[in-house]
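Fold and contact review
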Amino acid sequence: MSAARTHRSAEEIGRTERGPRPLPALGRTKEVPLPDVLTETLPNGLTVLAARRPGVPLVETVLRIPAASPEPVADAARTAGTEVLAETILTGTAGRDRIGIDDALASVGGELGVAVDPEYLQAGGSALATGLPTVLDVLADVLTAATHSDAEVARERSRLTERIAVARAQPRTVAREALMRRRFGDHPIVSEMPTAEAVAAVTPERVRELHADVVVPDGASLVLVGDIDPEAAIAEVARRLGGWTGDHPARWLSAPPVPRAGDLELVHRPGSVQSQLRLTAPGLDRTDERYTAFQLANLVFGGYFSSRWMENIREDKGYTYGAHSGQEFVPGGAVLGLDADVASDVTAAALLETRYELGRMVAVPPTEQEVTSARRYAIGSLLISLDSQSALAGTLSALHAAGLDVDWLRDRPRRLEEVTVDEVAAAATALFAPTRFTGVVVGDADVVGPSLAALGGVVRGGGR
């Protein structure tokens with residue numbers, strides 16, 4: 001005798017005698033449930049934003065210091081110096097060595113990390129909420145008294161050189177650097193990664209000079225999110241960081257030039273079995289009234305898995321494992337980027353289909369069903385992305401740097417619900433027209449060059 005069944009299959013659960021069970025209608029999300037944010041600027045120019053979110057007994061910290069080069073063009077030596085600065089700032093101060101810093105943070109379950117890019121030096125981490133005074137004390141110590149000792153600079157310089165060598169061997173790094181040059185020429189924003197040679201030339205004296213030049217409070221922001229009392233937390237920041245000073249305000253990166261439409265540049269990478277397609281066009285700043293419509297149009301084109309571009313070159317043609325489109329925000333605006341990695345023998349075919357899908361955004365505007373799906377995805381992913389303390393802290397920091405506050409974020413679902421299909425179609429026509437784009441193709445030019453030349457709109461550029 002067979003044993004009695006004790007469960008139903010997923011297919012059985014999802015069906016009735018009359019067919020599949022109907023799914024309930026999705027409700028409207030009117031706003032993101034976010035805490036109030038208390039904001040105060042200290043006498044030294046540091047702006048502190050504090051929000052109570054008590055889900056777990058932790059506090060997240062995000063310090064953002066504008067750290068642009070004073071030079072109007074890319075400066076390889078400065079990029080190398082600030083990278084070494086970021087690597088050594090947590091390695092010792094006048095009162096603590098590397099171990100002392102780690103022990104102080106570990107005593108409150110804390111961690112800190114530092115990173116730098118052409119726009120900002122950022123320090124962030126988490127700790128038990130009760131340990132906030134200790135974290136702020138360590139932060140104040142490294143901001144005002146980091147020694148960047150000769151030994152630590154030599155150690156971190158060597159490690160950084162090795163990591164750069166590995167990174168520069170990756171095709172995605174080659175493609176990123178070529179794309180940034182295509183977008184912005186020699187503007188300082190292109191200096192995202194230094195050369196190994198420039199890093200090797202960085203001296204401890206230069207790192208200490210850069211610390212005094214870059215690590216200043218006037219114009220910086222510190223975001224605190226967690227199980228804290230915002231007023232008490234800001235008062236604690238004032239006690240611990242109020243003595244942090246600088247002899248000039250932080251430097252903001254100037255707006256880069258707007259990318260100009262034109263042919264794609266073929267960058268020769270000998271022996272490559274894949275090609276990196278990177279297309280770009282001007283995007284929209286968050287404050288543009290068309291931004292919400294553009295966000296949905298981008299999702300329809302290539303912003304998530306069910307997008308048109310993904311369906312075409314991955315699901316239908318099998319040219320790539322993934323294709324993605326999205327925005328990067330830059331001073332004064334934003335840039336739209338399209339990226340896909342494809343096998344060499346289908347490079348021209350993948351580019352042809354990409355151009356086709358761009359043209360289809362104009363000739364066959366997004367449908368109501370496509371917009372509805374994109375809308376649901378945008379709202380749902382927004383709620384998920386802000387679910388943790390760390391994600392909220394990072395988002396608040398980025399918005400503050402862009403001159404926006406928590407109300408802009410809180411109101412996003414309503415704006416996404418209200419944007420119309422016609423507005424999305426207008427954004428698609430204005431922003432996804434193939435004639436707006438330029439970009440790069442990185443691959444073996446001897447293999448992919450002839451077919452790309454026959455396709456047109458691609459010119460041979462430099463190589464590696």
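Residues numbered from 1 in each chain as written. Predicted model: local features only at pLDDT ≥ 70, side-chain atom pairs only at ≥ 80, totals over all residues. Heavy atoms only, no water.

Things to note about the UniProt feature "domain: Peptidase M16 C-terminal" (unreviewed entry) in the chain
- The feature "domain: Peptidase M16 C-terminal" (unreviewed entry), as annotated in UniProt, sits at residues 202-376 in this numbering.
- In the segment residues 202-376, helix accounts for 41% and strand for 22%; the C-alpha atoms at its two ends are 50 Å apart. (UniProt positions renumbered as here; feature names shortened; annotations may be inferred. Helix = DSSP H or I, 4+ residues; strand = E, 2+ residues; numbered from the N terminus.)

Regarding the side chain of S69
- Within the secondary structure layout, S69 lies in the loop between β5 (58-66) and α2 (76-88).
- In terms of polar contacts, S69 uses its side chain to reach the backbone amide nitrogen of E71, at 3.1 Å. (Polar contact = N/O pair within 3.5 Å; in protein donor to acceptor, adjacent residues only side chain to side chain.)

Notes on the UniProt feature "domain: Peptidase M16 N-terminal" (unreviewed entry) in the chain
- Taken from the UniProt record, the annotation "domain: Peptidase M16 N-terminal" (unreviewed entry) applies to residues 89-188.
- The span residues 89-188 is 56% helix and 15% strand, and its two end C-alpha atoms sit 23 Å from each other.

As for the packing of aromatic side chains
- The tally for this structure, following the rule as stated, stands at seven aromatic pairs.
- A ring pair is formed by Y291 and F329, whose centres lie 6.2 Å apart and whose planes are at 45°; its orientation type is tilted. Here the residue Y291 occupies a position in helix α10 (residues 291-303), and F329 occupies one in strand β11 (residues 323-330), the gap between them amounting to 38 residues.
- A relative accessible area of 29% means that F329 is categorised as partly exposed.
- Relative to F432, the ring of F301 lies with its centre 5.3 Å away and its plane at 40°, an arrangement referred to as tilted. One end of the pair, F301, is in helix α10; the other, F432, is in the loop between α17 (421-431) and β13 (438-443), with 131 residues separating them in the sequence.
- Chaining the aromatic ring pairs together yields one cluster made of F294, F301, W309 and F432. (Phe/Tyr/Trp six-rings, centres within 6.5 Å; stacked < 30°, edge-to-face > 60°. Buried < 20%, exposed > 50% of the residue type's maximum accessible area, 1.4 Å probe, protein only.)

Considering the pairing of strand β3 (residues 37-41)
- With five bridges joining them, β3 and strand β4 (residues 47-52) adopt antiparallel strand pairing. Across the sheet, residue L38 finds its bridge partner in β4, namely A50.
- Taking the residues that link successive antiparallel strands as the turn, the β3-β4 hairpin has five residues, and the phi of G45 there is positive, at about 95°. (Pairing = 2+ DSSP bridges.)

Some remarks on helix α6 (residues 171-184)
- An ideal rise of 1.5 Å per residue puts 20 Å on 14 residues; α6 measures up with 20 Å between its terminal C-alpha atoms.
- Among the residues of α6, those classed as buried are T173, V174, A175, A178, L179, M180, R183 and F184.
- Residues of α6 that are buried make contact with α5 (150-168), β9 (264-268), β10 (274-282), β11, β12 (333-343) and β13.
- In the stretch just after α6, G185 is the one whose phi turns positive, near 65°. (Expected span 1.5 Å × (residues − 1). Contact = heavy atoms within 4.5 Å.)

As for the pattern of salt bridges
- Overall, the coordinates contain 35 salt bridges when judged by the stated rule.
- Between D213 and R78 there is a salt bridge, with the nearest N and O atoms lying 3.3 Å from each other. Of this pair, D213 sits in helix α8 (residues 204-214) while R78 is found in helix α2, placing the two residues 135 residues apart along the sequence.
- One salt bridge connects D411 with R414, and the closest N-O pair in it is separated by 2.5 Å.
- Under the relative-accessibility criterion, R414 is labelled partly exposed at 33%.
- The network of salt bridges with common partners includes R98, E152, R155, E156 and R159. (Salt bridge = Lys/Arg side-chain N within 4 Å of Asp/Glu carboxyl O.)

Here we look at the environment of L85
- Of note, L85 is situated in helix α2.
- Judged by relative accessible area, which is 1%, L85 ranks as buried.
- Not counting the four nearest positions on each side in its chain, L85 is found in contact with H148, V207, L210, H211, V214 and V215.

Some thoughts on the environment of D285
- Residue position: D285 is located in the loop between β10 and α10.
- Sequence separation between D285 and P331 is 46 residues, and the spatial gap between their C-alpha atoms is 9.4 Å.
- Not counting the four nearest positions on each side in its chain, D285 is found in contact with Y291, G333 and A334.
- Only 2.6 Å separates the side chain of D285 from the side chain of T287, close enough to count as a polar contact.

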